[in-house]
Amino acid sequence: MDKKYLTLLSGVILTLLLAGGGCNSSESPKREVEENTKQPQIGTQVQIETPSQTSTQPKPVVYESKVREFVITAKNWSFSPDTIVVNQGDKVKIKITSTDIAHSFLLKDYNLNIKLEPNQTQTIEFIADKFGVFPFRCGVPCGAGHKEMVGTFVVK
């Protein structure tokens, strides 16, 4: 075979590989190869895109924001429920009531520290804009089991 023809053909094959003509392509690879491997004329230039010329930026993930409401009871060294799970971007609305003595709802990663008076409901609203697992706890010394008064806020 002619050396120019082989160089040109290898350039076409490389272009196909870089353009996504591999196994993950939604089109039939056989048909794509047949269409793109027609004999080029000698002297034709082939432009090959290098990886630096193609966009490798991932597309941002867009979350559908929802209002997620929770009712929590704080009492005798526990929160019930003690786990809250939301999606990133959700608006979180927590109605929390202490049923015995003064407590608080302390979620440091979201700069929240809400004092809870006995038998009064507090409503806390915020956007879950940080991804991860965050502890929350009582921020008011409330007795012997105070250190065990913890919960988990999970943002997926």
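These lines cover the structure that appears in this document, whether it is placed above or below. (Residues numbered from 1 in each chain as written. Predicted model: local features only at pLDDT ≥ 70, side-chain atom pairs only at ≥ 80, totals over all residues. Heavy atoms only, no water.)

**Examining the environment of proline 141**
1) Next: Mapped onto the secondary structure, proline 141 falls in the loop between β8 (132-137) and β9 (150-155).
2) Next: For proline 141, a relative accessible area of 71% translates into the label exposed.
3) Next: Through-space distance from the C-alpha of proline 141 to that of histidine 103 is 7.7 Å; in sequence the pair is 38 residues apart. (Helix = DSSP H or I, 4+ residues; strand = E, 2+ residues; numbered from the N terminus. Buried < 20%, exposed > 50% of the residue type's maximum accessible area, 1.4 Å probe, protein only.)

**A word on the nonpolar core**
1) Next: If you look at the biggest cluster of nonpolar residues, it comprises 25 residues, and the most contacted ones within it are Phe79, Ile94, Phe105, Leu107, Tyr110, Phe126 and Phe153.
2) Next: Where this core is concerned, the elements lending two or more residues are β1 (67-75), β3 (83-86), β4 (91-98), β5 (103-107), β6 (112-116), β7 (121-127), β8 and β9.
3) Next: Every residue in contact with phenylalanine 126, bar those within four places of it in the chain, is listed here: Asp90, Lys91, Val92, Ile94, Leu107, Tyr110, Leu112 and Phe153. (Core = buried A, V, L, I, M, F, W, Y, C linked by side-chain atoms within 4.5 Å. Contact = heavy atoms within 4.5 Å.)

**As for unusual backbone geometry**
1) Next: Cis geometry is adopted by the peptide bond preceding proline 81, which originates at serine 80 and carries an omega value of -5 degrees.
2) Next: Not every positive phi belongs to a glycine, and tryptophan 77 is a case in point at roughly 70 degrees.
3) Next: Position of tryptophan 77 relative to the elements: it lies in the loop between β1 and β2 (78-80).
4) Next: Overall, the relative accessible area of 32% leaves tryptophan 77 in the partly exposed class.
5) Next: The phi dihedral of asparagine 111 falls on the positive side, at around 55 degrees, and the residue is not glycine.
6) Next: Relative to the elements of secondary structure, asparagine 111 occurs in the loop between β5 and β6.

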